[in-house]
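Commentary on secondary and tertiary structure
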Amino acid sequence: MTYAKRFKALMPGLALAVASIPVFAEPGPVVTGRPEALQLNLQQPVTGIAAYIYSLHNWMMIVCLIIFLAVFGVMFYSVFKHRKSLGHKPATFHESTTVEIAWTIIPFLIVIGMALPATHAVVQMKDTSNADLTVKVTGMQWKWGYDYLKGEGEGVSFLSNLATPRTQVGEPGIAPTEKRTENYLLEVDNPLVVPVGKKVRLVLTANDVIHSWTIPAFAVKQDAIPGFVRDTWFKAEQIGTYRGSCVELCGKDHAFMPIVVKVVSADDYTAWVNGEKKRMAALSDDPNKVWTIDELKTKGEKVFASNCVACHQASGQGIPGAFAPLVGSPVVLGPKAAQIDVLLNGKHSGKYPSAMPSWKQLSDSEIASVITFTRNNWTNKADENIVQPSEVLAARGK
């Protein structure tokens, strides 16, 4: 930061002049996060860091343009004004010490002048201290998991899946049957919700392959890597809905892994937190309740459609060479304790490139119901064909 201030002192008024251009930092309409028609620049920034980067980007483009015009201007002037047809003869001098010093020092100063504010931006982007809210973000094929760790909302946890229906997407060789909406492939069932004007720290990891959590309007792009914990932060200054997507090629449904962040007022955020805690309490079913097989299968079908269908497919056949089939699976048809253990703790048999992730974030009734659904669906007829939530609860404690 000290060097950045010194740089601004050496270059009086330059950064301020650039930042004062209205399009650089003026608040605009609520950012949607989707591509806009004829969009020629970065998305409208809604955080301080994003506004700084926006201004820096435009300033560097101006510097590059000036260099381009100067270099090519001198070159073309020399070519046309000193061409042979006008009687000019080539100069015989070489190894000019003055010229060599000049073309070494000038680019060096330009690079330093561009590097200092860029470094200042990078340092600020990595300063995650004094956060008002901490959220753990887990990337998985192909959805995001959010766990509120500190601050208001602590304990709230949910999964965020693509909300665009397959009828709008279509399949290979099959055209979509429904008109695509304005936020096609950039809408989710459960967005990340944060309060406006609060510093939000994100702690990122992944449970299968590398993903990347990106919101252009926040100037946030951070990889989520299995076995590692990375962090970043943002502080949104404008209420609205902001969209992004995973920008790390992460597998078959990479294109179907959007990110949506809703920035709301402090009062609306408190109301949302209270609603989420009530929802989670409602999902915490009485473990002593005995469900009928029809109740479990009905609930399990919905859980499977939301969380399992991308890998194991609606037919239960999986994807050859990538994801295991559930139809005829010895785990599904065998003792139920083994399948409960797989859903709670995950499994990597080595037969497929991707591991089966842990699904501990699902409730006991959700895990029990989806296991019951797989054991009684398609051609599967398991001997141990029903799992109760109490059995999942008991397995969690082992």
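To keep things clear, this report deals only with the structure shown in the data block. (Residues numbered from 1 in each chain as written. Predicted model: local features only at pLDDT ≥ 70, side-chain atom pairs only at ≥ 80, totals over all residues. Heavy atoms only, no water.)

**Observations concerning the overall build of the protein chain**
Broken down by element type, the protein chain carries 13 helices and ten strands. Against the 2.2 N^0.38 benchmark of 21 Å for 398 residues, the protein chain shows a C-alpha radius of gyration of 28 Å, more extended than a compact globule. Dimensions of the protein chain, computed from C-alpha atoms along their principal axes, come out at roughly 100 × 50 × 40 Å. Taken over 398 residues, the protein chain has a buried fraction of 39%. The long-range share in the protein chain, meaning contacts at least 24 apart out of those at least 6 apart in sequence, stands at 66%. When the accessible surface of the protein chain is totalled, it reaches about 22,200 Å², and 62% of it is carbon and sulfur. (Helix = DSSP H or I, 4+ residues; strand = E, 2+ residues; numbered from the N terminus. Rg over C-alpha atoms; globule rule 2.2 N^0.38 Å. Buried < 20%, exposed > 50% of the residue type's maximum accessible area, 1.4 Å probe, protein only. Contact = heavy atoms within 4.5 Å. Areas by Shrake-Rupley, 256 points an atom, 1.4 Å probe, with all protein chains shown as cover.)

**Considerations on the packing of aromatic side chains**
Two aromatic rings are characterised by how far apart their centres lie and by the angle between their planes. Under the criterion given, the structure shown has 14 aromatic pairs. With a centroid separation of 4.6 Å and 35° between ring planes, the pair formed by Phe68 and Phe72 is classed as tilted. Placement of the pair is Phe68 and Phe72 together in helix H4 (residues 48–81), with a separation of four residues, close to one helical turn. Under the relative-accessibility criterion, Phe72 is labelled partly exposed at 34%. On the basis of an interplanar angle of 40° and a centroid distance of 6.2 Å, the ring pair of Tyr148 and Phe158 is categorised as tilted. (Phe/Tyr/Trp six-rings, centres within 6.5 Å; stacked < 30°, edge-to-face > 60°.)

**Brief notes about the environment of Asn345**
As for its position among the elements, Asn345 is in helix H11 (residues 336–345). Put simply, Asn345 and Trp359 are 14 residues apart on the chain and 7.2 Å apart in space, counted from C-alpha to C-alpha. Discounting residues that sit within four places of it in the chain, Asn345 has contacts with Ser358 and Lys360.

**Quick notes on the nonpolar core**
Grouped together as the largest cluster of nonpolar side chains are 41 residues, with contacts concentrated most on Tyr148, Trp213, Phe218 and Val261. Apart from residues no more than four positions distant in its own chain, Val261 is found in contact with Leu192, Val194, Trp213, Ile215, Phe218, Phe234, Gly240, Thr241 and Tyr242. Counting residues in hydrophobic clusters, the runner-up holds 21 residues, among them Phe304, Leu326, Ile340 and Val370. (Core = buried A, V, L, I, M, F, W, Y, C linked by side-chain atoms within 4.5 Å.)

**So, the layout of surface pockets**
Put simply, the largest pocket is a space of about 800 Å³. Considering the residues around the largest pocket, the lining is formed by 35 residues, among which His312, Ala324, Leu326, Val342 and Met356 are closest to the centre. Residue assignment for the lining of the largest pocket shows that the elements contributing at least two residues are helix H8 (293–307), helix H9 (309–312), helix H10 (330–333), H11 and helix H12 (364–375). When grouped by side-chain class, the residues that make up the lining of the largest pocket number 22 nonpolar, ten polar and three charged. (1 Å grid on protein atoms, 1.4 Å probe; cavity = no way out; pocket = protein on both sides within 12 Å on 5 of 7 lines; lining within 4 Å. Points joined across faces, edges and corners; volume = space filled by probe spheres on them. Nonpolar A, V, L, I, M, F, W, Y, C, P; charged D, E, K, R; others polar.)

**Regarding the sheet that holds strand S4 (residues 192–195)**
An order of S4-S10-S9 is seen for the three strands of this open sheet, with the pairing classed as mixed. Across the chains shown, the open sheet's two edge strands, defined by having one partner strand only, are S4 and strand S9 (240–245). Across the sheet, the axes of successive neighbouring strands diverge by a mean angle of 25°, strand direction being ignored. Looking at chain direction, S4 and strand S10 (residues 258–264) are connected through four bridges and run parallel. (Pairing = 2+ DSSP bridges. Axes fitted to C-alpha atoms, helices over the stretch in contact; angles between N-to-C directions.)

**Examining the sheet that holds strand S2 (residues 143–150)**
Pairing is mixed across the open sheet formed by five strands, whose spatial order is S3-S2-S1-S5-S8. If you trace the sheet from one side to the other, it starts and ends with strand S3 (157–160) and strand S8 (230–234), each paired once. On average, adjacent strands in this sheet sit at an angle of 25° to one another, irrespective of strand direction. The pairing of strand S1 (residues 133–140) with strand S5 (residues 200–206) spans seven bridges and is classified as parallel. Bridging across to S5, Val135 finds its partner in Leu202.

**Topic: helix H5 (residues 97–125)**
Look at H5: 42 Å from first C-alpha to last across 29 residues, which is about the 42 Å you get at 1.5 Å a residue. Residues of H5 that are buried include every one of Gly113, Met114, Pro117, His120 and Ala121, and no others. (Expected span 1.5 Å × (residues − 1).)

**Re the pairing of strand S6 (residues 211–215)**
Burial analysis of S6 places five of its five residues in the buried class, the great majority of the element. Here S6 shows no split at all, with His211, Trp213 and Ile215 on one side and Ser212 and Thr214 on the other all buried. Relative to strand S7 (residues 220–224), S6 is paired through five bridges, and the arrangement is antiparallel. Bridge pairing in S7 places Ile215 opposite Val220. What sits between the antiparallel neighbours S6 and S7 is a turn of four residues, in which Ala219 has the positive phi angle 60°.

**Points about the pattern of salt bridges**
Tallied over the entire structure, the rule returns eight salt bridges. Between Arg201 and Asp231 there is a salt bridge; the shortest N-O distance is 3.1 Å. Of this pair, Arg201 sits in strand S5 while Asp231 sits in strand S8, placing them 30 residues apart in sequence. Overall, Arg201 belongs to the partly exposed group, its relative accessible area being 27%. Judged by its relative accessible area of 22%, Asp231 falls in the partly exposed class. The partner of Lys336 in a salt bridge is Glu391, and the shortest N-O contact between them spans 2.9 Å. Placement of Lys336 in helix H11 and of Glu391 in helix H13 (residues 389–396) is noted, with a sequence separation of 55 residues between them. Relative accessible area serves as the criterion here: at 26%, Glu391 is assigned to the partly exposed category. (Salt bridge = Lys/Arg side-chain N within 4 Å of Asp/Glu carboxyl O.)

**Quick notes on the side chain of Thr128**
Inspection of the secondary structure assignment puts Thr128 in the loop between H5 and S1. Engagement of the side chain of Thr128 in a polar contact is seen with the side chain of Asp231, the distance being 2.9 Å. Leave out the neighbours within four places in its chain, and Thr128 touches Lys199, Arg201, Asp231, Thr232 and Trp233. (Polar contact = N/O pair within 3.5 Å; in protein donor to acceptor, adjacent residues only side chain to side chain.)

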